[in-house]
Amino acid sequence: MQLSLSIPALLFPAISLTMLAYNARYLAIAALIRQLHKQFEETSAPPLKQQINQLRKRLGIIKNMQATAIISFLLATVTMFLIYVEMAIWANAVFGISLVFLVISLILSLLEVQLSTKALGIQLKNMEN
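Caption draft 1: The arrangement of the overall build of the protein chain in detail. For the protein chain, the count of helices and strands is 4 helices and 0 strands. Computed over C-alpha atoms, the radius of gyration of the protein chain comes to 20 Å, more than 25% over the 14 Å expected from 2.2 N^0.38 for 129 residues, which places it beyond the range of a compact globule. Considering only C-alpha atoms, the protein chain reaches an extent of 65 × 20 × 15 Å along its principal axes. Buried positions account for 31% of the 129 residues belonging to the protein chain. Long-range pairs, those at least 24 residues apart, make up 80% of the contacts in the protein chain between residues at least 6 apart in sequence. Across the protein chain, the 10 positively charged side chains and the 5 negatively charged ones have centroids separated by 7 Å.

Put into structure tokens, the structure is as follows:
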């Protein structure tokens, strides 16, 4: 496949929007952690401990989601440079690696959504009791 500068450039808006979404998730979790911290200081309820454990896992996943998306973005930029200096074989390889990192980031996003749903289930279960 012959890469042109426009092909990796197409990833720029997609990765940028993905990073915005990941950052929004991070900010929402940070606010929730601050809220739970206040509740935990008042009452050391077991459901709060479960939620805190879920949030710790989610933060780790979000950190890895952001890291892999950033690596994908950097590699797409390197691909454009390699195309510019006419190193087509390297450009193809680096672009493929960039896509792999983007896929990993999206899979991590899926896992984080699953954990988020599980955390909401803990909250609902607590409300039913």
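Caption draft 2: Fine view of unusual backbone geometry. Positive phi, normally seen in glycine, also occurs at E86, with a value near 60 degrees. You can see E86 is positioned in the loop between α3 (46-84) and α4 (88-128).

Caption draft 3: Spatial organisation of the side chain of S98. The topology assignment puts S98 in helix α4. The residues contacting S98, other than those within four sequence positions of it, are L11, S72, L75 and A76.

Caption draft 4: Region of interest: a nonpolar patch on the surface. On the surface, L5, F81, Y84, V85, M87 and W90 cluster together to form a nonpolar patch covering roughly 670 Å² of accessible area. Mapping Y84 onto the fold places it in helix α3.

Caption draft 5: Structural view of the pattern of salt bridges. For the structure shown, the criterion picks out 2 salt bridges. When the shortest N-O distance is used, the salt bridge between E112 and R25 registers 3.3 Å. With E112 in helix α4 and R25 in helix α2 (residues 11-42), this pair connects stretches of sequence that are 87 residues apart. Owing to a relative accessible area of 2%, E112 belongs among the buried residues under this scheme. Given a relative accessible area of 24%, R25 falls into the partly exposed group. The network of salt bridges with shared partners includes R25, R58 and E112.

Caption draft 6: How the structure looks around the confidence of the model for the protein chain. Chain-level pLDDT for the protein chain is 85 on average; 94% of the residues reach the 70-or-more range. No element of the protein chain has a lower mean pLDDT than helix α1 (residues 6-9), at 80, and none a higher one than α3, at 88.

Caption draft 7: Layout of the environment of I97. On the secondary structure map, I97 appears in helix α4. Residue I97 is classed as partly exposed on the basis of its relative accessible area of 43%.

Caption draft 8: Seen up close, α2. Across its 32 residues, α2 extends 47 Å between first and last C-alpha, which sits within 8% of the 46 Å expected from 1.5 Å per residue. When α2 is considered as a whole, its buried residues turn out to be L11, I15, T18, Y22, I29, A30 and L36.

Caption draft 9: Layout of the environment of S16. Looking at where S16 falls in the secondary structure, it is placed in helix α2. Remark: the alpha-carbon pair of S16 and L36, spanning 20 residues in sequence, is separated by 30 Å.

Caption draft 10: Region of interest: the environment of L108. Mapped onto the fold, L108 is located in helix α4. For L108, a relative accessible area of 17% translates into the label buried. Sequence spacing of L108 and I29 is 79 residues, and the spatial spacing of their C-alpha atoms is 16 Å. If near-sequence neighbours (up to four positions away) are discounted, L108 is found in contact with I61, N64, M65 and T68.

Cut-offs used in this document
Residues numbered from 1 in each chain as written. Predicted model: local features only at pLDDT ≥ 70, side-chain atom pairs only at ≥ 80, totals over all residues. Heavy atoms only, no water. Helix = DSSP H or I, 4+ residues; strand = E, 2+ residues; numbered from the N terminus. Rg over C-alpha atoms; globule rule 2.2 N^0.38 Å. Buried < 20%, exposed > 50% of the residue type's maximum accessible area, 1.4 Å probe, protein only. Contact = heavy atoms within 4.5 Å. Lys, Arg positive; Asp, Glu negative; His and termini not counted. Charge placed at Lys NZ, Arg CZ, Asp CG, Glu CD. Patch = residues over 30% accessible without salt bridge, like charges linked within 9 Å, V, L, I, M, F, W, Y side chains within 5 Å. Areas by Shrake-Rupley, 256 points an atom, 1.4 Å probe, with all protein chains shown as cover. Salt bridge = Lys/Arg side-chain N within 4 Å of Asp/Glu carboxyl O. pLDDT = per-residue confidence, 0-100. Expected span 1.5 Å × (residues − 1).

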